[in-house]
Amino acid sequence: MSVSTAAIDPSVCAPLPVLGQDVTVPLVTGGEVTYAALDYAASAPALQRVWDDVAAYAPHYGSVHRGAGYLSQLSTDLFENSRRTVAEFLGCRAEDQVVFTRSTTDSLNLLAAAIPADCQVFVYETEHHASLLPWRDAQVTYLNAPRTPGQAVETLERALADRDPYGPALVCVTGASNVTGELWPVKELAAAAHAHGARIVLDAAQLAPHHPVDIAELDVDWVAFSGHKLYAPFGSGVLAGRADWLQAAEPYLAGGGASRKVARRADGGVDVDWHTTAARHEAGSPNVIGVYSIASACKALTEAGFESLVAREQELVGRVRAGLAEVPEVQVLSLFGDDAPRVGVISFVVRGWNSSHFAAALSAEYGIGVRDGLFCAHPLVRTLLGSDPQDPGECGAPEAEPGERSLNAIRVSFGAGTPDEHIDRFLRAVSELVSEGAQWKYRTEDGRCVPDRGTAAQV
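As a starting point, this report considers the structure included with it.

Notes on the environment of Arg-312
Of note, Arg-312 is situated in helix 10 (residues 306-325). By relative accessible area, Arg-312 is classed as buried at 7%. The sequence separation of Arg-312 and Thr-418 amounts to 106 residues, and the corresponding C-alpha distance is 10.0 Å. A polar contact is formed between the side chain of Arg-312 and the backbone oxygen of Thr-418, at a distance of 2.8 Å.

Right under this line is the structure:
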C-alpha cells in the first residue's frame, strides 16, 4: 500500500473543523493555552459536521426495526442507510455484510467467535491487543515482527505453507501500526493468504481515518474499525466483509433482533430461527446515534476529498519527522525504516528521560496531549525498544520514577483536524524540554507522572 500525494497541494486543504478546537487548559507555569490534541491514535476528536448531523437527528430518535410510528420508521431508514454509506465508504462487494459493533475490539472478538472450530489463526506479534488477543479458543500461530514489508509477506507464506493439518485458516493484520504509523503491505498479504487457502481480516482502526480503505481493491475478507478513531463519538464500530462464516455461527449475542422466530417446543424447550443478515449479530437495541455518526464521518471525509486530506497529513508527518530529527536525543521507533510510508502516528523515546515524565511536561507546561506507555501493543514496543519481554512496564502505567529511563515510549498522533500551530508548538516543546529541562518538578501518583503542585524546578 502506498501513500500518493501527486498533483495535490496540501496548502489548499485546511484542517477539518473538530470539537474542542477552542478548548483552553491551564498551565502549571501560569495562564492558559488552547489545548493541542495530539493523541488521535487513541481517540480522534469528533468532526463538527458529525456532531451537527447527530444533533439534527436527536429530536427524531426512535427505536429501529420494531416500531410502527413515524419516528421509528425514520430511525430505521437512517440506520440502514448508514449501513449502505459505510459499505460504499469501504468499497464492499455486493455480497459483503456490514455488521455494527461497539469498537474494533468488539468486531474482532465477534469474528473470533464465528470462525470454524478447526480454524488456525496467524497473527503478527506487532498487532494491537485488540487483534492479538481475541483468538483464545483457536489454534494460534504468533509470527515474529518483520523488519521489511517483504519479510512480512515471506514470513506469512512460510507459516501458511507449513501448517498441519491443512484446514481453514485466518490471517489477522493491521493496516497501519498504532505504534509506528507504518503502512503494512495489506494487498500482498491478502494475495499470500488466499494463495494458501486462508482468509484475512484487516484491522483498519489506524488506517481508515488516515487513508482510503477499499475491501475489493485490497481483496481482504473482512475489515474492522472503530468510530472513535474515525472522528465520530465513542461506542460504535464496524465489521464488514464475507457473510458465510458469520451466517454459519451462533449469534455473537442472543436476544431480540437477532431472531426471526422463537417458539416453544412440546418438551418445554425453545426453537429459534436466527436471522441470516447482519442482524444475526446485532441483538438488542442498537446504538443508532453511534452508527449514524460513523456514516456521517464517512461522508464528511469523502466530501472533503480524502486524497487532499492524505496529502496534508503527509506534509505534517514530514514536518514532525524532520523536527524530531534535529534533536539528537530523540529516537523515533520504526519497524520498516525511515523510508517506509506511514500515517500520522509517530512514537519515540528521549535519551535521559522517562517517557511518562516527558509526556507529563508536554501537557502541564505546553498544553499538549500525547500518549505514553506501551500503547496496548506490548510485544511490539518492547521489540522496538530492544527490551526483554519480561521487563516491567504496562500500557499507560509506567513504573519508573521521573527522570529515570523507562521501558515505554511517547506517541504523537494527528490527522484531519490538526492545525499547523499544534505541530509547531509540539516541536518547539520537544526542543525546549530536551535543551532546557522541565520547568516544574513531577512525581509518580497512581502509576502516572503528574506535576508536583507548587514546586517549580530550579532552572
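Describing the packing of helix 10 against helix 13 (residues 420-436)
Axis separation between helix 10 and helix 13 bottoms out at 10 Å; the angle between their running directions is 10 degrees. When the axes of helix 10 and helix 13 are compared, the pair comes out roughly parallel. As for the relative orientation of helix 10 and helix 13, their crossing is right-handed in sense. When helix 10 is examined against helix 13, the residues Arg-312, Leu-316, Arg-319, Val-320, Gly-323 and Leu-324 are found in contact with a partner set consisting of Asp-420, Ile-423, Asp-424, Phe-426, Leu-427 and Val-430. Residues of the contact of helix 10 with helix 13, tallied by class, amount to 7 nonpolar, 1 polar and 4 charged.

Side note on the packing of aromatic side chains
In total, this model carries 11 aromatic pairs according to the counting rule given. Taking the centre distance of 5.9 Å and the plane angle of 70 degrees together, the rings of Tyr-57 and Tyr-292 count as edge-to-face. Note that Tyr-57 is positioned in helix 1 (residues 48-57) and Tyr-292 in helix 9 (residues 288-304), a separation of 235 residues in sequence. In this pair, the class of Tyr-57 matches that of Tyr-292, namely buried. Here the aromatic rings of Phe-348 and Phe-358 are separated by 6.4 Å at their centres, their planes lie at 90 degrees, and the arrangement is edge-to-face. With Phe-348 in strand 14 (residues 345-350) and Phe-358 in helix 11 (residues 355-366), this pair connects stretches of sequence that are 10 residues apart. Ring pairing ties together the aromatic residues Phe-348, Trp-353, Phe-358 and Phe-426, which thus form one cluster. Taking the ring centre of Tyr-166 as reference, the NZ or CZ of Arg-163 above it sits at 4.0 Å.

As for the pattern of salt bridges
All chains considered together, the criterion is met by 26 salt bridges. Here Glu-303 and Arg-49 are joined by a salt bridge, their closest N and O atoms 3.0 Å apart. Of this pair, Glu-303 sits in helix 9 while Arg-49 sits in helix 1; the two residues are 254 residues apart in sequence, bridging distant segments of the chain. For Arg-49, a relative accessible area of 29% corresponds to the partly exposed category.

Examining the sheet that holds strand 10 (residues 237-241)
To summarise the sheet geometry, strands pair through backbone hydrogen bonds and adopt either a parallel or an antiparallel arrangement. A sheet is described by the order of its strands in space; here 7 strands give the open sequence 4-10-9-8-7-5-6, paired in mixed fashion. At either end of the open sheet lies a strand with only one pairing partner, and these are strand 4 (97-101) and strand 6 (139-143). Strand-to-strand, the axes of this sheet are offset by a mean angle of 20 degrees, without reference to chain direction. Where helix 2 (residues 70-89) meets the sheet, it contacts strand 4, strand 9 (222-226) and strand 10, and its direction lies at approximately 115 degrees from that of strand 4. Sheet strands in contact with helix 3 (residues 104-114) are strand 4, strand 7 (169-174), strand 8 (199-203), strand 9 and strand 10, and its direction is about 150 degrees off that of strand 9.

Topic: a nonpolar patch on the surface
Residues Val-262, Val-270 and Val-272 make up a contiguous nonpolar surface patch of about 230 Å² in total accessible area. With respect to the helices and strands, Val-270 occurs in strand 12 (residues 270-274).

Details of empty space enclosed by the protein
Under the definition given, this model contains 2 cavities of 30 Å³ or more. Around the largest cavity, the lining residues are Tyr-40, Ala-41, Ala-44, Ala-205, Gln-206, Pro-209, His-210, Lys-229 and Tyr-231. Looking at the lining of the largest cavity residue by residue, the class counts come to 6 nonpolar, 2 polar and 1 charged. The calculated volume of the second largest cavity comes to roughly 30 Å³. Counted by class, the lining of the second largest cavity contains 5 nonpolar, 2 polar and 1 charged residues.

As for the environment of Asp-424
In this fold, Asp-424 is placed in helix 13. Along the backbone, Asp-424 and Arg-319 are 105 residues apart, and their C-alpha atoms lie at a distance of 8.8 Å. Among the polar contacts made by the side chain of Asp-424, one reaches the side chain of Arg-319 at a distance of 2.4 Å.

Some thoughts on the sheet that holds strand 13 (residues 330-332)
Here 4 strands make up an open sheet; going across it, the order is 13-14-17-16 and the pairing antiparallel. Each having just a single partner strand, strand 13 and strand 16 (371-373) make up the two edges of the open sheet. Each adjacent strand pair in this sheet contributes to an overall mean axis angle of 30 degrees, direction not counted. Inspection of the sheet shows strand 16 paired to strand 17 (residues 409-413) by 3 bridges, in the antiparallel sense. By the bridge assignment, Asp-372 is partnered in strand 17 with Ile-410.

About the criteria used
- Residues numbered from 1 in each chain as written.
- Predicted model: local features only at pLDDT ≥ 70, side-chain atom pairs only at ≥ 80, totals over all residues.
- Heavy atoms only, no water.
- Helix = DSSP H or I, 4+ residues; strand = E, 2+ residues; numbered from the N terminus.
- Buried < 20%, exposed > 50% of the residue type's maximum accessible area, 1.4 Å probe, protein only.
- Polar contact = N/O pair within 3.5 Å; in protein donor to acceptor, adjacent residues only side chain to side chain.
- Axes fitted to C-alpha atoms, helices over the stretch in contact; angles between N-to-C directions.
- Parallel < 35°, antiparallel > 145°, perpendicular 65-115°, else oblique.
- Left-handed = near helix turned anticlockwise from the far one by under 90°.
- Contact = heavy atoms within 4.5 Å.
- Nonpolar A, V, L, I, M, F, W, Y, C, P; charged D, E, K, R; others polar.
- Phe/Tyr/Trp six-rings, centres within 6.5 Å; stacked < 30°, edge-to-face > 60°.
- Lys NZ or Arg CZ within 6 Å of the ring centre and 35° of its normal.
- Salt bridge = Lys/Arg side-chain N within 4 Å of Asp/Glu carboxyl O.
- Pairing = 2+ DSSP bridges.
- Patch = residues over 30% accessible without salt bridge, like charges linked within 9 Å, V, L, I, M, F, W, Y side chains within 5 Å.
- Areas by Shrake-Rupley, 256 points an atom, 1.4 Å probe, with all protein chains shown as cover.
- 1 Å grid on protein atoms, 1.4 Å probe; cavity = no way out; pocket = protein on both sides within 12 Å on 5 of 7 lines; lining within 4 Å.
- Points joined across faces, edges and corners; volume = space filled by probe spheres on them.

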